[in-house]
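For reference, the chains in residue letters:
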Amino acid sequence: MEPSKAPEIFLKPYNPALEEPQMLELWEKSGYANPDVCVEKGVTKPDAETFSIVLPPPNVTGILHMGSALMVVIEDIVVRAARMQGKRTLWIPGTDSAAIATQARVEKDIQKSEKKTRHDLGREELLRRIDVFVEENKSIIINQFKKMGASLDWSRCAYTMDEKRYAAVMEAFVRMHAAGLIYRGQRIVNWDPKGQTTISDDEIVYEERTAKLVTFTYSHEFPIPIATTRLETKVGDTAVAVHPDDGRYAGLVGKEYDAVFCGVPIHVKIVADPSVDPSFGTGALGVTPAHSHTDWEIADRHDLLRPQVIDEKARMTIEGALKGKKTMEAREIILEWLKKENLLIKEEEIPQNVATAERTGGIVEPLPKLQWFLDVNKPIAKRSGKTLKELMRDAVESGETEIFPKHFEKVYFNWIDNLRDWCISRQIWFGHRIPAWFRKDERGNIVDTIVGVEGPSSAKASEGTWEQDSDTLDTWFSSGLWTFSTLGWPEETDDLKTYHPTSLLETGYDILFFWVARMILMSQFHLGEIPFRKVLLHGIVRDGQGRKISKSLGNNIDPLDMSAKYGMDAVRMSLIAGMAPGTDSKISEEKIRGYKHFANKLWNITRFVLENYGSATSINSDDQKLVDEAKDVATEVSANIDNFRLDLAADQVYHFVWDRFAAEILEESKPIFRGGGEAAASRAHTLYAILNTSLKLLHPFMPFVTEAIWQQLPQPSSAQGSGGARKESDFLMVAKWPLLRSSSAKDFGRAQ
RNA sequence: GCGCGCUUAGCUCAGUUGGUUAGAGCAUCUCAUUUACACUGAGAGGGUCGGGGGUUCGAAUCCCUCAGCGCGCACCA
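Criteria and thresholds
Residues numbered from 1 in each chain as written. Chains lettered and ligands numbered in written order. Predicted model: local features only at pLDDT ≥ 70, side-chain atom pairs only at ≥ 80, totals over all residues. Heavy atoms only, no water. UniProt positions renumbered as here; feature names shortened; annotations may be inferred. pLDDT = per-residue confidence, 0-100. Contact = heavy atoms within 4.5 Å. Axes fitted to C-alpha atoms, helices over the stretch in contact; angles between N-to-C directions. Helix = DSSP H or I, 4+ residues; strand = E, 2+ residues; numbered from the N terminus. Parallel < 35°, antiparallel > 145°, perpendicular 65-115°, else oblique. Nonpolar A, V, L, I, M, F, W, Y, C, P; charged D, E, K, R; others polar. Buried < 20%, exposed > 50% of the residue type's maximum accessible area, 1.4 Å probe, protein only. Arc of directions from axis to C-beta. Phe/Tyr/Trp six-rings, centres within 6.5 Å; stacked < 30°, edge-to-face > 60°. Lys NZ or Arg CZ within 6 Å of the ring centre and 35° of its normal.

An unreviewed UniProt entry lists chain A under the name Valine--tRNA ligase. In its Catalytic activity (unreviewed entry) section, the UniProt entry covering chain A states "tRNA(Val) + L-valine + ATP = L-valyl-tRNA(Val) + AMP + diphosphate".

Right under this line is the structure:
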């Protein structure tokens, strides 16, 4: 046997900065991230089991942070493992327009540099500026994802606002409108005065604050004191509601009173309504139908007037001294007036949840507005009379879609149970414009409406001037279509047939409602099938001490900085280690450094193995046990990956490679090599085999260093001496996943 | 108010259907070592598994209860 020298590159420590760009280039040239190429080149059988997954599209305003890095790593691990297992694997990338966030960002930039508002520029010009911004930023975020080693099929990259996706959104809206699920109605909506748009219930964040609860009466004649934290709305009251069983007020129900409240004439009827909590405040509720969700519903039941007293800028609209005042100012003025008039009974501090807009932080003002809604309770004929709510529930209840970890299924059901109609129209310019056209009379009243992809036909156009609705759709409306709009829907494409329903949806638990639920809704309605078979949720990435990463704490750990310092493989491993599904995880620089050492360990193991590697021989029975041991590890690692316990899988292979392979097997081999002969030759091949298996198992987790080593491996000489056996694959990325222990070790449909 | 999760070594966490003496990483301390690797190796200290009760031959693991922390939803006059 002639000992071969290890390639010179192994004489120096592993250098990620040198290897990573080369590996990226190799992978990109290979085209193996595209399943069509894999089939073409014979790596994957055309009829192999498919594995498909969409990348949760990052916002074009965003940059890569540890959260998105975690997402990329989890998905890339699962995808690379599936590809090596011979599955026809598709991972679709894309970017998200993130309507409000993007428009706000561009508006801010323009305000800063040109001191202009969007109204100064006009709709067309603003949208043009946004497009420029988006194009610049898209490539930044895409390049960052590429650097992570994400084996996404960039040839299928989608953007929520590109032509195909735009068309899909229009089609989806029109179809849902035709089915009677989308309607336009005057209802109380969540108005964000800061963002100047409506928002959905899910975009509200409740903040606990202390509020002043004021107890008073409207006038000296009015018999019931009421309590409120929002005095300014009381000029819009049209009723006082008490509980039907509340004996204190029984005799007063049905009576009506007039009063002049802080200069505003009001007419208040006393009604009995079961929604009133007799134990809160005075047990009597001043009903302001136009500025409270529950009061609006009470007004429905008692046929009350609904005067609006606050406008979109959160200012008073009522004639008189209050007109034009901010709500907070009006509150003080009324309080002073109550004191002066001796109508004030009590003031007390109470804790209160204030509704704020998630994006802007503005205090949400409930306002009655004419908006588009999606009806979640209407039976759908073509879906056997089920409602959207029921369809959403069915998908998970039937087990067709499984959520990991399991307990999030309860959270999901809980959300569905409390779901109200979804307000889908937004008063911003950047987004998918609602495909509705209105014809108005001289006074501006809408006399005709058309909903359609094309707009008014020529015949209709001759009837008068049509104007398209200026509103755009909630960004989650288009996101809901993502699993199938990225595959070419509404066209019946091959991709759609092959890859939908997708196999897996992996995302953060924080967008379970926003996105996961909406995708189920959309797919169930439009395709009559689930969007994905499994949902895997991950948590928030926190710093080493478990704190949320925030600018004010200055504890940001930038994934790209860290990879420059320690290598992307180290970043990837440290994100996965200790990360249980659905649970928040932690990352620190020390942790990352540890895995850099591991990459180097692997590098040096290779050096040792190659230095002792020699010509053809067979493996003896003692050594076969070691090979089998590696097979056992492969079996367990595979099982953990299948169960999405990537943390356990990573830990297992890490410990096998370091503590068993390097610390024990390699050490025991040294005297064997000194002894020479058959035993040494057998051992040399055994070490090569174990290294081979280790590289494959580690590849999904640490693709760069493993591929870099693979590229340096000599072609193994055949044990049977047939010679010239080619290295089984030119790329570790598409090398065959190790055989597993059990006889059920399937071939995973790999082409030979 | 309803629901979910967490509580194990100084720190961060594993512990998969209950089964010997409860594990890892980091940190601390001691020692070793010029060839695969100091981006190393060997070893040590450190835990009444949040409290209490129960089931069991046996409980970190299952049940009840209490406490603390975190989160979601609802209410929010």
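There is more to say after this.
Participant: Can you explain the confidence of the model for chain A? Please cite residues and give values.
Facilitator: For chain A, the mean per-residue pLDDT works out to 88, and 95% of the residues sit at or above 70. A low-confidence stretch, residues 717-726 (pLDDT under 50), is modelled with 13 contacts involving residues beyond four sequence positions or located in other chains. Segment residues 743-752 is flagged for pLDDT under 50; beyond a separation of four residues in sequence, or across chains, it makes 26 contacts in the model. Under the prediction, the complex receives an ipTM of 0.87, its pTM being 0.91.

Participant: So, the packing of helix H4 (residues 99-114) against helix H6 (residues 123-147): which residues are in play, and what are the values?
Facilitator: Contact geometry for H4 and H6: axes closest at 10 Å, N-to-C directions at 105 degrees. For the element pair H4 / H6, the angle class is roughly perpendicular. On H6, the residues touching Thr102, Gln103, Arg105, Val106, Glu107, Asp109, Ile110 and Glu114 of H4 are Leu126, Arg129, Ile130, Phe133 and Val134. Among the residues making up the contact of H4 with H6, the classes are represented as six nonpolar, two polar and five charged.

Participant: Give a description of helix H8 (residues 293-302) that names residues and reports values.
Facilitator: All of the buried residues in H8 are Asp295, Trp296, Ile298 and Ala299. Down the axis of H8, the buried side of the element spans an arc of 160 degrees, and every buried residue falls inside it. Tucked inside the fold, the buried residues of H8 contact strand E5 (182-192), strand E9 (239-242), strand E12 (284-287) and strand E14 (365-374). Where H8 terminates, the next one or two residues include aspartate 303, which has phi positive at roughly 55 degrees.

Participant: Before we move on, can you summarise the packing of aromatic side chains with the specific residues and values?
Facilitator: One pass over the full model with this rule turns up 27 aromatic pairs. Taking the centre distance of 5.2 Å and the plane angle of 70 degrees together, the rings of phenylalanine 404 and phenylalanine 644 count as edge-to-face. Here phenylalanine 404 is found in strand E15 (residues 402-404), whereas its partner phenylalanine 644 is found in the loop between helix H20 (621-642) and helix H21 (646-675), with 240 residues between them in sequence. For phenylalanine 644, a relative accessible area of 8% puts it in the buried group. Pairwise contacts between aromatic rings join Phe216, Tyr218, Phe222, Tyr257, Phe261 and Trp337 into one cluster. Positioned over the ring face of tryptophan 191 is lysine 369, at 4.6 Å from the centre of the ring.

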